Amino acid sequence: MYKVSMVSLGCPKNQVDAEMMLSSLKTAGFEIGTEEAAADAIIINTCGFIEAAKAEAIENILEAAQYKTDGNCKALIVTGCLAERYRDDVTEEIPEVDVCVGIGSNKNIAEIVKNAIEGNCKNSYGEKDELPLGGDRILGGYPFTAYLKIADGCNNCCTYCAIPKIRGKMRSRTIEDCVAEAKKLACQGVKELIVVAQDTTAYGEDIYGESKLAELLCELCKIDGIHWIRTLYTYPDRITDKLLDTIAREEKLVKYLDIPLQHIDAEILNRMNRKGDRESIGALIDKIRAKIPEITLRTTFITGFPGETEEQFTSLAEFVKEKRFDRLGCFTYSAEEDTVAAGFENQVAEQIKTDRMENIMEMQMTIAAEKNEEKIGSVTEVLIEGWDDYIKCYFGRTLSDAPEIDGKIFFMSTRPLKIGEFVKVRVNDCVEYDLLGELEE
């Protein structure tokens, strides 16, 4: 029995692909989850979205390559977005890599790995639309939390984004297919379902002629065993009253929305191939909060997009200060090859991009701290994720916190608790983005 180790990088959508590949490998008789030093094959499932992600992928590839001499590794295999985007360039530029596998060949991963271990190393690139959208998975994170990928690819074609070139056009799964997978996950012990796609609000447009996200969420709420359902990556123009009313009405839908806005200046948004302006986006935020007063809003912004003036950045900073988002990430613009924006004139200097990003994040840190202080004395529902042996307390996430990207709550309990259990916790204090509390008996 061959042994395989996998490192998966990047977004939750890439993680789902990795989990399906691991299931395929296990079904084919491979031993998975092995330490890299003992593995016959090491798979690096990469992200290739922006420059920083590419650098991280290359670093992980080179670290794994040492096990070809210091360990048992006979085949180093690269999958994911970097492999799909650069294809044969990967094996040419990084000779330590034995096989490069495009996303359309994920379904053949067991055969590819077996052949590579046995010395038959051949790159493989199926059509993008042959990437499996669903299937059996081996969850890579907590057993009680899982991502449900409802579509892949994207039709938005933002000028800064390489995803449509990497992943192709949007392909949605049917409502029935998504629900069937969610039921299977619930039977495996999953209690929190996180709905993802490149643009979840576009879900269903390609097969139903209109967005069916609200309908899908309603069906998911009917599944026994699922306690929380969270939605990420919603596009502002497609957030409808129907969707908001669904989130407000359904108890299992946590009052949390992730809306990557990227900017609020009309001229910049137009050059990003996105719609809206400061007024319309502000009105959307106000409407969401009016319909769902307890909503947690998360967003992301990009600083230093080509041509961004000091005045446009100042307007963005004022907007952040005015709207006081609960969660916010800010990134410097990355000029990605083969994207429209990379050819724009008036590229902004790296130091200016960074200074502007840091300005936004410093402002958000203050806002986040103030919002956390407002929670002191309140009682919130928490999903327990583990025990911190150093500070001798439990930790988990509230309804307002998505995995990896948001904060945690650390809390004391006078009785033993189970990991994966939902409990009520009283908030007593806060430290930066995290909360401190104690079990509400």
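These remarks concern the structure in this document. (Residues numbered from 1 in each chain as written. Predicted model: local features only at pLDDT ≥ 70, side-chain atom pairs only at ≥ 80, totals over all residues. Heavy atoms only, no water.)

1. Observations concerning the overall build of the chain
Part 1 of the argument: A count of helical and extended segments in the chain gives 15 helices and 18 strands.
Part 2 of the argument: Against the compact-globule benchmark of 22 Å for 441 residues, the chain has a radius of gyration of 22 Å, which places it among compact chains.
Part 3 of the argument: By its C-alpha atoms, the chain is 60 × 60 × 45 Å across when sized along the principal axes.
Part 4 of the argument: Taking all 441 residues of the chain together, the buried fraction comes to 54%.
Part 5 of the argument: Across the chain, every contact between residues at least 6 apart in sequence was considered, and the portion connecting residues at least 24 apart equals 73%.
Part 6 of the argument: By element, 50% of the accessible surface of the chain is carried by carbon and sulfur atoms, the whole surface being about 19,100 Å².
Part 7 of the argument: The positive charge centre, built from 53 side chains, and the negative charge centre, built from 79, are 5 Å apart in the chain. (Helix = DSSP H or I, 4+ residues; strand = E, 2+ residues; numbered from the N terminus. Rg over C-alpha atoms; globule rule 2.2 N^0.38 Å. Buried < 20%, exposed > 50% of the residue type's maximum accessible area, 1.4 Å probe, protein only. Contact = heavy atoms within 4.5 Å. Areas by Shrake-Rupley, 256 points an atom, 1.4 Å probe, with all protein chains shown as cover. Lys, Arg positive; Asp, Glu negative; His and termini not counted. Charge placed at Lys NZ, Arg CZ, Asp CG, Glu CD.)

2. Quick look at helix α1 (residues 12–27)
Part 1 of the argument: With 16 residues, α1 extends 23 Å from end C-alpha to end C-alpha; this agrees with the ideal 22 Å at 1.5 Å per step.
Part 2 of the argument: The buried count for α1 comes to 12 of 16 residues, which makes it a mostly enclosed element.
Part 3 of the argument: Restricting attention to buried positions, one finds in α1 the residues Pro-12, Lys-13, Asn-14, Val-16, Asp-17, Ala-18, Glu-19, Met-20, Met-21, Leu-22, Ser-23 and Leu-25.
Part 4 of the argument: Gly-29 sits one or two positions beyond α1 and adopts a positive phi of about 105°. (Expected span 1.5 Å × (residues − 1).)

3. What to know about unusual backbone geometry
Part 1 of the argument: Of note in the backbone geometry, Asn-346 takes a positive phi value of approximately 60° without being a glycine.
Part 2 of the argument: Among the secondary structure elements, Asn-346 is positioned in the loop between β13 (327–332) and α15 (350–374).
Part 3 of the argument: Residue Asn-346 is classed as exposed on the basis of its relative accessible area, which comes to 60%.
Part 4 of the argument: The backbone of Glu-432 sits at a positive phi, close to 50°, despite the residue not being glycine.
Part 5 of the argument: Its location among the elements puts Glu-432 in the loop between β17 (422–431) and β18 (434–439).
Part 6 of the argument: Using a relative accessible area of 56% as the deciding quantity, one classes Glu-432 as exposed.

4. So, the nonpolar core
Part 1 of the argument: One finds Ile-150, Tyr-160, Leu-193, Leu-220, Ile-229, Ile-288 and Phe-301 to be the most contacted residues of the largest nonpolar core, which totals 66 residues.
Part 2 of the argument: Of all the elements, helix α8 (residues 175–187) adds the most residues to this core, at six residues.
Part 3 of the argument: Residues Val-4, Leu-25, Ile-112 and Ala-116 belong to the second largest nonpolar core, which totals 19 residues. (Core = buried A, V, L, I, M, F, W, Y, C linked by side-chain atoms within 4.5 Å.)

5. A look at the sheet that holds strand β14 (residues 379–388)
Part 1 of the argument: Read around the barrel, five strands follow the order β14-β15-β16-β18-β17 and close on themselves; strand pairing throughout is mixed. Sheet twist, expressed as the average angle between the axes of neighbouring strands with direction ignored, equals 50°.
Part 2 of the argument: In terms of strand pairing, β14 meets β17 through five bridges, oriented antiparallel. The partner of Val-379 across the bridge, within β17, is Arg-426. (Pairing = 2+ DSSP bridges. Axes fitted to C-alpha atoms, helices over the stretch in contact; angles between N-to-C directions.)

6. Here we look at a negative patch on the surface
Part 1 of the argument: There is a patch of like negative charges on the surface, built from Asp-88, Asp-89, Glu-92 and Glu-93.
Part 2 of the argument: Relative to the assigned elements, Asp-88 resides in helix α5 (residues 88–93). (Patch = residues over 30% accessible without salt bridge, like charges linked within 9 Å, V, L, I, M, F, W, Y side chains within 5 Å. Salt bridge = Lys/Arg side-chain N within 4 Å of Asp/Glu carboxyl O.)

7. As for the side chain of Ser-315
Part 1 of the argument: Note that Ser-315 resides in helix α14 (residues 310–323).
Part 2 of the argument: Accessibility expressed as a relative area gives 15% for Ser-315, which makes it buried.
Part 3 of the argument: Only 3.1 Å separates the side chain of Ser-315 from the side chain of Arg-278, close enough to count as a polar contact.
Part 4 of the argument: With residues near it in sequence (within four places) discarded, Ser-315 still touches Ile-264 and Arg-278. (Polar contact = N/O pair within 3.5 Å; in protein donor to acceptor, adjacent residues only side chain to side chain.)

8. Thoughts on the pairing of β14
Part 1 of the argument: Counting buried residues in β14 gives eight out of 10 residues, a clear majority hidden from the surface.
Part 2 of the argument: Here β14 runs beside strand β15 (residues 393–398); their pairing, made up of six bridges, is antiparallel. Bridge pairing in β15 places Trp-387 opposite Tyr-394.
Part 3 of the argument: Counting the residues in the hairpin turn of β14 and β15 gives four residues, including Lys-392, whose phi is positive at 55°.

9. Observations concerning the pattern of salt bridges
Think of it this way: side chains of opposite charge can pair up when their charged atoms draw near.
Part 1 of the argument: Per the counting criterion, the structure on display carries 46 salt bridges.
Part 2 of the argument: Glu-181 is the salt-bridge partner of Arg-137, the closest N and O atoms lying 2.6 Å from each other. Taken together, the residues span a long stretch of sequence, with Arg-137 in the loop between α6 (109–117) and β6 (145–149) and Glu-181 in helix α8 at a distance of 44 residues. Each member of the pair, Arg-137 together with Glu-181, is buried.
Part 3 of the argument: Notably, a salt bridge pairs Asp-152 with Arg-167, separated by 3.4 Å at the nearest N-O pair. With Asp-152 in strand β7 (residues 151–152) and Arg-167 in helix α7 (residues 163–167), this pair connects stretches of sequence that are 15 residues apart. The pair formed by Asp-152 and Arg-167 is uniform in burial state, with each residue classed as buried.
Part 4 of the argument: A network of salt bridges, in which partner residues are shared, links Glu-19, Arg-137, Arg-173, Asp-177 and Glu-181.

10. Considerations on the packing of aromatic side chains
Part 1 of the argument: All told, the structure shown has 11 aromatic pairs when counted by the stated rule.
Part 2 of the argument: Relative to Phe-144, the ring of Tyr-142 lies with its centre 5.1 Å away and its plane at 15°, an arrangement referred to as stacked.
Part 3 of the argument: Tyr-142 sits in the partly exposed class, given a relative accessible area of 33%.
Part 4 of the argument: In this structure, Lys-13 packs its charged tip against the face of Tyr-233, placed 4.0 Å from the ring centre. (Phe/Tyr/Trp six-rings, centres within 6.5 Å; stacked < 30°, edge-to-face > 60°. Lys NZ or Arg CZ within 6 Å of the ring centre and 35° of its normal.)

11. Focus on the packing of α14 against α15
Part 1 of the argument: Packing of α14 against α15 brings their axes to within 10 Å, and their N-to-C directions diverge by 15°. Judged by the inter-axis angle, α14 sits roughly parallel to α15. Between α14 and α15 lies a crossing whose hand is right-handed. Taken together, the residues of α15 that come into contact with α14 (itself represented by Glu-310, Phe-313, Leu-316, Ala-317, Val-320 and Lys-321) are Arg-356, Asn-359, Ile-360, Met-363, Gln-364 and Ile-367.
Part 2 of the argument: Of the residues belonging to the contact of α14 with α15, the class tally is seven nonpolar, two polar and three charged. (Parallel < 35°, antiparallel > 145°, perpendicular 65-115°, else oblique. Left-handed = near helix turned anticlockwise from the far one by under 90°. Nonpolar A, V, L, I, M, F, W, Y, C, P; charged D, E, K, R; others polar.)

Geometric descriptors of this kind do not, in isolation, establish any biological role.
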